[in-house]
Structure formats: C-alpha cells, structure tokens
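Results of the structural survey
If you want the building blocks of each chain, they are given just below.
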Amino acid sequence: MAKIKLSGRSAFLRLLVDEGVTHMFGNPGTTELPIMEVMPDYPQLKYVLGLYESVVVGMADGYARASNRLAACNVHVAPGLGNAMGALYNAKFSGSPLILTAGQQEQGHGLLEPLLYAPLVPVAQPFVKWAVEVTRAEDLPLIVRRAAKVALTPPTGPVFISLPGDVLEQDAELEPAAPTRVDARNRPSDETLARVAKKLLAAKNPVIIAGQELAVHDAFGEAAELAELLGAGVYQQTVAYSAQFPTEHRAYLGALTRNQKQVREALAPFDLAICLGADLLRMSVYSPVDPLPEGMPVVHVSERDWELGKNHPTEFALQANVKETLRALLPLVRAARPAAADERLAALAPRNWSAQRDKARVAALEAAEEKPIDPRYLMLRIAESLPKDAVVVEEALTSSLSLPDFLALRDPQSYYGLASGGLGFALPGAIGVSLALPGRPVVAVVGDGSAMYGIQALWTAAHEKLPITYVITNNRSYRILKERLISMRKSDRFIGMDIREPSIDYCALAQSMGVPAKRVVEPQDFAPALREAAASGGPRLLEVMVADGFGG
Ligand SMILES: Cc1ncc(C[n+]2csc(CCOP(=O)(O)OP(=O)(O)O)c2C)c(N)n1
Ligand SMILES: [Mg+2]
C-alpha cells in the first residue's frame, strides 16, 4: 500500500490516533508548539489542558486506570518533565499504559545549552518501561508503535518519548496503520494447573489475597467462585489501590493493613496463601517483623513477573493472566470440592466484612454529633449517601482510614486510590476517571494536605464541566505525620505539620477556579450537601471541617 508523507508533528498525532488514543493530556510550551499547531487537524484526539505537569500525568493515569486504555500525555522539556516525576512514579505503580512525551530543543541547538535544555531520557528512565529520543522523523512510526505496544503489554506501564523540534519539522513517511497488540492472556500448563489444584485442595484452611489484576481483568466472579469452592477467606492486598474483590461476598474479610505484625497475625491461622493478581504484602514503614508467617506456602498468580517471588519464596509462582488461570483451574477444584469448604465458609460469616461493617457502623454513629466532624462518621455518611454507580477516588490518609470498612465495592471500576504513596493523584486522577467513565458520577475524598499537591486540577474539572464532587477533609494539618511522630519518635513537638496561620480556604480556592463550593461544619449537613453536589451533574467541592485528632 502507498505510504503517506506527513510532517513529523502530524505523523506523531496521526500515529497516536492509529494506536487508539482518544485523549492527549498536556501542558504546552514553545517546544510543543509544532504539535499544538496541528492539534486542530486531529479532532479525534481530545486535548485536555492541565495547569501543572503532575496534574497532566495524574489525569492521564486516572484515565488509563479507569479505561484500561492507552493514554497520551505531553509536558514541556526538562522542567515540565521534572514537575511530572512524582505523578509518573504513581503511574509506574498503578501499571498505567501511558505514552508520556516532552518537546525537546532541536538536536544541535541543545548542545549550546539554551534555556530549558537538559537530556530528557535519563530523567524519565527510572520510572518507565522504555525511554527514547526520536532522532529522525522517519523513525516516528516505529517508535510510536513500539511505545504503544510496550505500554499495553503486561506488565503494563508508562513509556517516554522525547520529541526534538527538528524532528517535528522534518517529513516522515508512514505505512498505513498497523498497531501490534500482544495477546498475553496466557495460563499455566495443564500439568502445572493439576499440581496447583492438588495443592489448593489439600489445604486445611487456605486464604486468598486479592489484588488489582482481578479488577483489571474483570475476574471478580472467578475469584469469588474459588473462595466458595475452597471455603477460603479473602483479604484485599495491603495497598488496596483499586477495587479488588466484591466486599459483600460472604468470604470477604476486609483489607490487610500495612502493619507487618497485624498482617502476620491475620494470616497466621491459615495454612496456604493464594495470591491472585496482588502485590504480595507490599508494606510502607520499616518493621523487623516479616508479614508472612514463617513457612507459609504461597501460590501466586500474576502477569507481573517482577512481583513473583520478589520478597518471599513462592512454591507456585505463575506468570499468567489471572482470569484465564482461574477459568482453567475452577473445573479442577469444582470436581473435587472439599467437604470442609462449607464449614469453613460458615465459620467466616460472623467475622466477614459485612459483619464487621455492622459493628463499625454502630461505633461511628456514636460520634454523630461531634464537632469538628469525626472522620469515621464522615466516611460512614459518604458510603451511605453516594450517588448510584458512583466511582470513589480516595487520598485522605487519616480521614479515610475507615472508608474501606463502610464502602461496599461491587464492580471493578468503583474505587481508585493511591498506588505508590506519592501524594497528588486524587484531584487530577478523578478527572481522568471521569473522562474514562462518562455517565458515572465521581466522588473524590481528599485530605487537606493531599489536595494541595494537585490543586490546579480543579480548574480542569471546571473547564471540562465534569460530574466530580471533591470532598476535602480539612483537619488543618498533616495529621498522619503528627500521629507518627508520637508513635515512632515519641515526640509531640510538631514542626511543619500544621496548615494554619493562615488556614486555607478551600471553598475560595475552588470558586476561584470555577468550581462551586460549600463548607460543611455541622455533621448532619453533610449527607444532603453530598446529594445536592452529586445531583448538580457538574464539578463541586465540599470542604468538610473534621477533627484534627488533637482536640481541635
Ligand atoms: C509527594 C509527597 N510528598 C510528601 C509526602 C509525605 N506525606 C505523607 S502523608 C502527608 C500528609 C497528608 O496530609 P493530609 O492529606 O491532610 O492527610 P492527614 O494526614 O491530615 O490525614 C505527607 C505530607 C508524600 N507521601 N508524598
Ligand atoms: Mg490533613
């Protein structure tokens, strides 16, 4: 077929469109002007402006996570890429298939060290699967197609392309579109599956650790059936950054914490850990305690080979698609279902998630009158007043500790949280989620401190008129750091942990960026305010004054 001759800048956008990209999240500068010049020629590619680069990448991350599709994002040379690095780190941990690009000074001109110049590939490299600078326009087809393939092939993740100005000026010849998609929906061999089934069936008390690959591959049904067939309790993985299992299922016991000792105690009664598409006990702060009980055998299915046997010896380390593996495994387990499975399931009932929720609800309601508002009571109210089909995006640290106790997750796209620990995902991430799931209202629950790492996102939410309700839990502090200074350092001399003098007026901030906002001080005012905000169909912000944990 005849080749098409295009400028480098047009070829770049045309290739993205060919690869199925529908959104370009960006923040432009002079080196991106060639691209911005031809952007109007590609109306299939919606440009979403973010006013800060971490917001740009955070939006793309949210979009990729909620859509399981390739997203493009573009930032401005070295300082722009530098500003985006925290968000790129998040995207690496959420495994988001992103093509991140940055304009670069013309080759040769860069040698003169003009303003804004620095080599970009070494900056991006540590957090991406592949980083490359284009040196000839004719290489653009190969590079963009390879980038798309690499980003979308499990383990999925971001890639980076540096686009020098002279490359965007040159002409490129394109073959007609021919994207490559790797079919990685593989499963273990029949022999291995038979051995795994035998292992599962021989266990006296197995436990399942559910991870995000169950959501990505829509395998809630299969995981739930395995739990029922085995009479296995199910925990969410320690960093529960997406919906990972239907919480109301009778075998579901809740999320594992990130406290090594607690996790070890929770797992101790079991004799086999079945880790389904999860990160095996990823932790946060140091502890000398190993969270996996000694000698506990592990069966781990994940498409991310790096996670297999990474920290713990794993008897069955299966690099495979979790849904396909379960589909092939279930008939083997069904055929020889252990008689004790029903007893085990019955024994889980009094302590499963639903039973725990009913108790936690009673406790939270005891604080219904407290002012400033008790965060536990607030989380209960959020969970109970969410609009139908809502997607929750969460980054509220101490305020949202109890949210997993109350929030019923029923579908794989109902919840997105922080995958890496780097603050700043939720405000922009909610925008990407909303664009990926039109028709579903988004409620983003965000700490006052966390909100300031992505506050510029409010403008984009207003500009795009998205149905997002931001609930800012304002405790006027970095409460988690205060609590940790006390528990870990035995000190209560707080420096750099209060957000007071001046206090931040989140309503005024939101309104200045075009998002109507309301402050909630009275506990009983919250639920109606959330319902009203969600019913508006547009962006809204509720600033909720919650207890700071230290009497204020
Ligand atoms: C990018 C980034 N910077 C700093 C931190 C350290 N940090 C962790 S939690 C936290 C405070 C968060 O405050 P807020 O959202 O108000 O939640 P609270 O602790 O009050 O519950 C900080 C600063 C981080 N995790 N990521
Ligand atoms: Mg706070």
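The structure displayed is predicted, hence computed values, not measured ones.

A closer look at the side chain of S399
In this structure, S399 sits in the loop between β15 (391-395) and α16 (403-406). Here S399 falls in the buried class, since its relative accessible area comes to 2%. A polar side-chain atom of S399 sits 3.1 Å from a polar atom in the side chain of T473. If sequence neighbours within four positions are ignored, S399 has contacts with P375, M379, T473, N475 and V546.

Here we look at the nonpolar core
Counting 81 residues, the largest nonpolar core has L200, L214, L226, L267, L276, F526 and V544 as the members making the most contacts within it. No other element matches the seven residues that helix α10 (residues 220-230) contributes to this core. Sequence-distant contacts of F526, defined by excluding residues within four places in its chain, comprise L378, R381, I382, V471, V520, L542 and V544.

A word on the site of ligand 1
What surrounds ligand 1 is a group of 18 residues, the closest being T398, D448, G449, S450 and I480. The separation between an oxygen atom of ligand 1 and a polar side-chain atom of N475 is 2.8 Å. About the coverage of ligand 1: the protein hides 78% of its 590 Å² of free accessible area. When residues of the shell around ligand 1 are traced back to their parent elements, those giving at least two are α18 (448-451) and α20 (479-489). Among the residues making up the shell around ligand 1, the classes are represented as seven nonpolar, nine polar and two charged.

Details of unusual backbone geometry
Omega for the peptide link from P154 to P155 comes to -5°, which places this bond in the cis form. Tracing the sequence through the fold places P155 in the loop between α6 (140-152) and β7 (159-164). For the bond from K371 to P372, the omega torsion is -10°, close enough to zero to count as cis. On the secondary structure map, P372 appears in the loop between α14 (353-365) and α15 (375-385). The phi dihedral of N68 falls on the positive side, at around 55°, and the residue is not glycine. Summarising the element assignment, N68 is placed in the loop between α3 (53-67) and β4 (71-76). We classify N68 as partly exposed; its relative accessible area is 40%.

Concerning the sheet that holds strand β2 (residues 23-26)
Spatially, the six strands line up as an open sheet ordered β3-β2-β4-β5-β7-β6, and their pairing is parallel. Each having just a single partner strand, β3 (46-49) and β6 (131-133) make up the two edges of the open sheet. Taking the axes of each pair of neighbouring strands and ignoring which way they run, one obtains an average angle of 20° across the sheet. The sheet contact formed by β6 and β7 spans three bridges and is parallel. Within β7, the position partnered with V132 by the bridge is I161. The strands that α3 touches are β2, β3, β4 and β5 (98-104); relative to β4, the one it contacts most, it runs at about 175°.

Some points on a nonpolar patch on the surface
Taken together, L397, L423 and Y453 make up a surface patch of nonpolar side chains, about 230 Å² in accessible area. Position of L423 relative to the elements: it lies in the loop between β16 (415-417) and α17 (426-436). Residue L423 is classed as partly exposed on the basis of its relative accessible area of 31%.

Side note on the coordination of the magnesium ion (ligand 2)
Distances from the magnesium ion (ligand 2) to its protein donors, D448 (OD), N475 (OD1) and S477 (O), fall within 2.0 to 2.1 Å. Residue class for N475 comes out buried when judged on its relative accessible area of 4%.

Focus: the packing of α3 against helix α4 (residues 77-94)
When two helices pack together, their arrangement is given by the angle between their axes and by how far apart the axes lie. Closest axis-to-axis distance for the α3/α4 pair is 7 Å, and the angle between their directions is 20°. Here α3 is positioned roughly parallel relative to α4, judged by the angle of their axes. Crossing hand, α3 versus α4: right-handed. Counting all contacts with α3, which are made through E53, S54, V57, G58, D61 and R65, the residues of α4 involved are G80, N83, A84, A87, L88, N90, A91 and S94. Residues of the contact of α3 with α4, tallied by class, amount to five nonpolar, six polar and three charged.

A look at the pattern of salt bridges
A full pass over the atoms with the stated rule returns 35 salt bridges. The salt bridge involving R181 is made with E19; its shortest N-O contact spans 2.8 Å. With R181 in the loop between β8 (171-174) and α8 (190-202) and E19 in the loop between α1 (8-18) and β2, this residue pair connects regions lying 162 residues apart in the sequence. Using a relative accessible area of 40% as the deciding quantity, one classes R181 as partly exposed. Taking the shortest distance from any N to any O, the salt bridge between E543 and R519 comes out at 3.0 Å. Residue E543 is located in strand β20 (residues 540-545), and its partner R519 is located in strand β19 (residues 517-520); the two are separated by 24 residues in the primary sequence. Taking the relative accessible area as the measure of exposure, R519 reaches 40% and is therefore partly exposed. Salt bridges sharing partners connect three or more residues here, namely R14, D18, E19, R145 and R181.

Conventions and cut-offs
- Residues numbered from 1 in each chain as written.
- Chains lettered and ligands numbered in written order.
- Predicted model: local features only at pLDDT ≥ 70, side-chain atom pairs only at ≥ 80, totals over all residues.
- Heavy atoms only, no water.
- Helix = DSSP H or I, 4+ residues; strand = E, 2+ residues; numbered from the N terminus.
- Buried < 20%, exposed > 50% of the residue type's maximum accessible area, 1.4 Å probe, protein only.
- Polar contact = N/O pair within 3.5 Å; in protein donor to acceptor, adjacent residues only side chain to side chain.
- Contact = heavy atoms within 4.5 Å.
- Core = buried A, V, L, I, M, F, W, Y, C linked by side-chain atoms within 4.5 Å.
- Near = heavy atom within 4 Å.
- Areas by Shrake-Rupley, 256 points an atom, 1.4 Å probe, with all protein chains shown as cover.
- Nonpolar A, V, L, I, M, F, W, Y, C, P; charged D, E, K, R; others polar.
- Pairing = 2+ DSSP bridges.
- Axes fitted to C-alpha atoms, helices over the stretch in contact; angles between N-to-C directions.
- Patch = residues over 30% accessible without salt bridge, like charges linked within 9 Å, V, L, I, M, F, W, Y side chains within 5 Å.
- Salt bridge = Lys/Arg side-chain N within 4 Å of Asp/Glu carboxyl O.
- Donors = N, O, S within 2.8 Å, 3.2 Å for Na, K, Ca; no water.
- Parallel < 35°, antiparallel > 145°, perpendicular 65-115°, else oblique.
- Left-handed = near helix turned anticlockwise from the far one by under 90°.

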